[in-house]
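# Working through the structure, step by step
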Amino acid sequence: MSNSSRVINVNIAFLNVEATDAIKQYAKDKVTHCVQKFAHQDTEAHIVLKVEKTRQIAEVSMHLSGHDFIVKEESDSLYASIDKLTDSLSQQLRKHKEKVTRHH
(Lines give C-alpha, C1' and ligand atoms only; values in the text may rest on other atoms or scores of the structure.)
Protein backbone atom coordinates (compact mmCIF):
# COMPACT_ATOMS: atom_id res chain seq x y z
CA MET A 1 0.00 0.00 0.00
CA SER A 2 1.47 3.35 -0.96
CA ASN A 3 1.53 6.38 1.33
CA SER A 4 -0.74 8.35 -0.99
CA SER A 5 -3.65 5.93 -0.56
CA ARG A 6 -3.92 6.57 3.19
CA VAL A 7 -5.82 9.64 4.31
CA ILE A 8 -4.81 11.34 7.55
CA ASN A 9 -7.43 13.91 8.57
CA VAL A 10 -5.99 16.48 10.93
CA ASN A 11 -8.26 18.74 13.00
CA ILE A 12 -6.58 21.67 14.75
CA ALA A 13 -8.04 23.70 17.60
CA PHE A 14 -6.48 26.80 19.17
CA LEU A 15 -6.98 27.97 22.76
CA ASN A 16 -5.76 31.38 23.96
CA VAL A 17 -3.56 31.81 20.89
CA GLU A 18 -4.06 33.31 17.44
CA ALA A 19 -4.63 30.72 14.71
CA THR A 20 -2.12 31.54 11.98
CA ASP A 21 -1.90 29.71 8.68
CA ALA A 22 1.83 29.08 9.21
CA ILE A 23 1.39 27.27 12.54
CA LYS A 24 -1.64 25.34 11.20
CA GLN A 25 0.31 24.10 8.18
CA TYR A 26 3.39 23.30 10.26
CA ALA A 27 1.40 21.22 12.77
CA LYS A 28 -0.58 19.46 10.04
CA ASP A 29 2.53 18.61 8.00
CA LYS A 30 4.53 17.33 10.98
CA VAL A 31 1.74 15.14 12.40
CA THR A 32 0.68 13.81 8.99
CA HIS A 33 4.27 12.86 8.13
CA CYS A 34 4.70 11.18 11.53
CA VAL A 35 1.47 9.16 11.32
CA GLN A 36 1.83 8.10 7.67
CA LYS A 37 4.91 6.08 8.55
CA PHE A 38 2.88 3.85 10.88
CA ALA A 39 -0.76 4.01 9.69
CA HIS A 40 -2.10 1.20 7.54
CA GLN A 41 -5.56 2.70 7.12
CA ASP A 42 -7.26 6.09 7.03
CA THR A 43 -7.21 7.80 10.39
CA GLU A 44 -7.97 11.09 12.11
CA ALA A 45 -5.79 13.14 14.45
CA HIS A 46 -7.01 15.92 16.73
CA ILE A 47 -4.47 18.60 17.64
CA VAL A 48 -4.96 21.26 20.30
CA LEU A 49 -2.49 24.16 20.45
CA LYS A 50 -2.81 26.40 23.48
CA VAL A 51 -1.06 28.95 25.62
CA GLU A 52 -1.29 29.00 29.42
CA LYS A 53 0.61 31.96 30.83
CA THR A 54 4.11 31.40 29.39
CA ARG A 55 3.68 27.71 28.53
CA GLN A 56 3.11 26.81 24.86
CA ILE A 57 1.30 23.47 24.83
CA ALA A 58 0.64 21.06 21.96
CA GLU A 59 -1.60 18.01 22.36
CA VAL A 60 -2.60 15.31 19.89
CA SER A 61 -5.08 12.47 20.26
CA MET A 62 -5.83 9.79 17.72
CA HIS A 63 -7.22 6.30 17.38
CA LEU A 64 -5.19 3.88 15.28
CA SER A 65 -5.34 0.10 14.93
CA GLY A 66 -7.71 -0.28 17.88
CA HIS A 67 -5.59 1.80 20.25
CA ASP A 68 -5.80 5.39 21.46
CA PHE A 69 -2.69 7.55 21.37
CA ILE A 70 -2.57 10.76 23.40
CA VAL A 71 0.52 12.96 23.60
CA LYS A 72 0.98 16.32 25.31
CA GLU A 73 4.16 18.40 25.17
CA GLU A 74 5.04 21.92 26.26
CA SER A 75 7.91 24.35 25.77
CA ASP A 76 8.64 28.05 25.26
CA SER A 77 7.54 27.97 21.60
CA LEU A 78 4.61 26.35 19.80
CA TYR A 79 6.95 25.17 17.04
CA ALA A 80 9.22 23.48 19.59
CA SER A 81 6.18 21.95 21.31
CA ILE A 82 4.98 20.53 17.98
CA ASP A 83 8.46 19.10 17.29
CA LYS A 84 8.57 17.44 20.72
CA LEU A 85 5.01 16.21 20.19
CA THR A 86 5.81 14.49 16.90
CA ASP A 87 8.94 12.91 18.42
CA SER A 88 6.90 11.49 21.31
CA LEU A 89 4.10 10.35 19.02
CA SER A 90 6.60 8.61 16.71
CA GLN A 91 8.10 6.86 19.70
CA GLN A 92 4.67 5.64 20.90
CA LEU A 93 3.64 4.49 17.43
CA ARG A 94 6.97 2.72 16.87
CA LYS A 95 6.69 0.95 20.23
CA HIS A 96 3.13 -0.12 19.43
CA LYS A 97 4.16 -1.41 16.00
CA GLU A 98 7.05 -3.40 17.47
CA LYS A 99 4.73 -4.87 20.09
CA VAL A 100 2.16 -5.90 17.47
CA THR A 101 4.71 -7.40 15.06
CA ARG A 102 6.46 -9.26 17.89
CA HIS A 103 3.17 -10.96 18.87
CA HIS A 104 2.29 -12.00 15.34
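Look above for the structure.
My aim in this report is to walk through the structure given alongside it, one point at a time. Since we're looking at a predicted model, the values are computed, not measured. (Residues numbered from 1 in each chain as written. Predicted model: local features only at pLDDT ≥ 70, side-chain atom pairs only at ≥ 80, totals over all residues. Heavy atoms only, no water.)

## Notes on helix H1 (residues 21-36)
- Taking 1.5 Å of rise per residue, 16 residues should cover 22 Å, and H1 covers 22 Å from first to last C-alpha, within 8% of that figure.
- The complete set of buried residues in H1 reads Ile23, Ala27, Val31, Thr32, Cys34 and Val35. The buried residues of H1 occupy one face: seen down the axis, they fall within an arc of 165°. Exposed residues on H1 whose side chains face more than 90 degrees from its buried face are Asp21 and His33. (Helix = DSSP H or I, 4+ residues; strand = E, 2+ residues; numbered from the N terminus. Expected span 1.5 Å × (residues − 1). Buried < 20%, exposed > 50% of the residue type's maximum accessible area, 1.4 Å probe, protein only. Arc of directions from axis to C-beta.)

## A word on the pattern of salt bridges
- Evaluated as defined, the whole model comprises six salt bridges.
- For Lys72, the salt bridge is made with Glu59, and the minimal N-O distance between the two is 3.9 Å. Here Lys72, found in strand E4 (residues 67-75), pairs with Glu59, found in strand E3 (residues 55-64); they are 13 residues apart in sequence, far enough to count as distant.
- Ionic contacts of the salt-bridge type, sharing partners, join the residues Lys50, Glu52, Arg55, Glu59, Lys72 and Glu74 into one network. (Salt bridge = Lys/Arg side-chain N within 4 Å of Asp/Glu carboxyl O.)

## Description of the environment of Leu78
- Secondary-structure assignment places Leu78 in helix H2 (residues 78-103).
- Judged by its relative accessible area of 10%, Leu78 is buried.
- With residues near it in sequence (within four places) discarded, Leu78 still touches Val17, Ile23, Leu49, Lys50, Gln56 and Ile57. (Contact = heavy atoms within 4.5 Å.)

No statement about biological role is implied by the geometric values presented.
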